[in-house]
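Each chain, letter by letter, is given below.
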Amino acid sequence: MTDIEARAREMLNAVHSASDMNALESVRISVLGKKGVLTEMMKGLGAMSAEERKIMGPALNGAKDQLTAAIAARAQTLQAQALNIRLAQERIDISLPARPEIRGAIHPVSQVIDEVIAIFGDMGFSVAEGPDIESDFYNFTALNIPPEHPARQMHDTFYFNEKPDGERLLLRTHTSPVQIRSMEKTKPPLRIIAPGRTYRCDSDMTHTPMFHQVEGLVIDETAHMGHLKGCLTEFCKAFFEVDNVRMRFRPSHFPFTEPSAEVDIGCRRSGGELRIGEGEDWLEILGCGMVHPKVLQHGGIDPDKYQGFAFGMGIDRLAMLKYGIPDLRDFFEADLRWLRHYGFAALDIPSLPGGLSR
Ligand code: PHE
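Residues numbered from 1 in each chain as written. Predicted model: local features only at pLDDT ≥ 70, side-chain atom pairs only at ≥ 80, totals over all residues. Heavy atoms only, no water.

Structural notes on helix α5 (residues 108-122)
Helix length check: α5, at 15 residues, gives a terminal C-alpha distance of 21 Å against a target of 21 Å (1.5 Å per residue), a fit within 8%. When α5 is considered as a whole, its buried residues turn out to be P108, V109, Q111, V112, I113, E115, V116, A118, I119 and F120. Buried-residue contacts for α5 involve β4 (190-199), β5 (210-220), α9 (225-240), β10 (307-314), α11 (315-323) and α12 (336-342). Looking one or two places after α5, you find G124, whose phi comes out positive at around 95°. (Helix = DSSP H or I, 4+ residues; strand = E, 2+ residues; numbered from the N terminus. Expected span 1.5 Å × (residues − 1). Buried < 20%, exposed > 50% of the residue type's maximum accessible area, 1.4 Å probe, protein only. Contact = heavy atoms within 4.5 Å.)

In structure tokens:
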């Protein structure tokens, strides 16, 4: 009995002084392995008398439990120590300045978003946001697209699985839901832009399943179609950094605006390049119109008192035109050669006085 206790204490000491996981594993094998000290002692139980076994059995089992627990505890301590040492060694000083050879570039989409914000910011717009995962209400119903409306089919919507309560969330197909969210939050007059990601099940040279739009919304008591046209014309001149841009306002239809128009920019595709303002091609960059009274109502705004205009622009399309990028799909391939070619220096923040793109 005392012998077992003394042996067990020795073995426990060995466990506690194991200095790493390898040492601990050797101790475990020497104690509890097939030929381990304790295992051998337990094998001896069979040859004992019933009397002896009654005493030795529980003593040996107790020692075994104690040692097993001690080994597990020691293993945990050693692993925690090893992790702390590794964390200390691999620590990164994020306050160090970037090394020139590993400096990244700003993606053309980020660059264009900054440019768009600089231009509209100068016209008095503030930036609003909404979630990428939207409810059917904000993406469609509140925008005067009730269930069964044919416009829903045209949106190629990505839907989530139905929730237990029957609701189906979706990936927003445009930034227009931010119109409703902004009207709910802020009393008119309202002047916001909302840049962000949008999603449609579509893919070719000028469409990708995820793309970017910037929504614009102006609500006051007098805003009219002429203001809309002036605002967008000024924007295009500032954005493309030219005195004249070939623009075409085409009558169109959106359930959430009345009247509605689409705007194309003159361009030419040749030799793997896209050139703005030349040639006879047109690239559609935005939809716009006067906000429909029903949409104002859904946003909690009295349509007898207030009116306004809205537009939704394709940010990636703007980037393609301005920077001569022929294929939209390349934007999201994460090809470093492409990023280095079309990317922007991180510290050239676009501003009107400082220049948009240098
Ligand atoms: N949401 C429309 C689209 O994605 C664009 C749009 C926005 C049209 C605002 C009119 C007013 O096609």
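Brief notes about unusual backbone geometry
Glycine aside, a negative phi is what most residues show, and trans is what most peptide bonds show. Residues P188 and P189 are joined by a peptide bond in cis, for which omega reads 5°. Among the secondary structure elements, P189 is positioned in the loop between α8 (177-185) and β4. The step from E258 to P259 runs through a cis peptide bond, and the omega angle for that step is 0°. Topologically, P259 is positioned in strand β7 (residues 257-270). Not every positive phi belongs to a glycine, and N144 is a case in point at roughly 65°.

A short note on the site of the ligand
By nearness alone, 14 residues border the ligand, and H174, S176, R200, Q213 and G312 come closest of all. At 2.9 Å, a side-chain N or O of S176 approaches a nitrogen atom of the ligand. Within the side chain of R200, one N or O atom sits 3.0 Å away from an oxygen atom of the ligand. Bound to the protein, the ligand loses 92% of the 330 Å² it would expose on its own. Every element with two or more residues in the shell around the ligand is listed here: β5, β9 (281-291) and β10. Counting residues per element, the shell around the ligand draws most heavily on β10, at three residues. Here the residues of the shell around the ligand sort into five nonpolar, seven polar and two charged. (Near = heavy atom within 4 Å. Polar contact = N/O pair within 3.5 Å; in protein donor to acceptor, adjacent residues only side chain to side chain. Areas by Shrake-Rupley, 256 points an atom, 1.4 Å probe, with all protein chains shown as cover. Nonpolar A, V, L, I, M, F, W, Y, C, P; charged D, E, K, R; others polar.)

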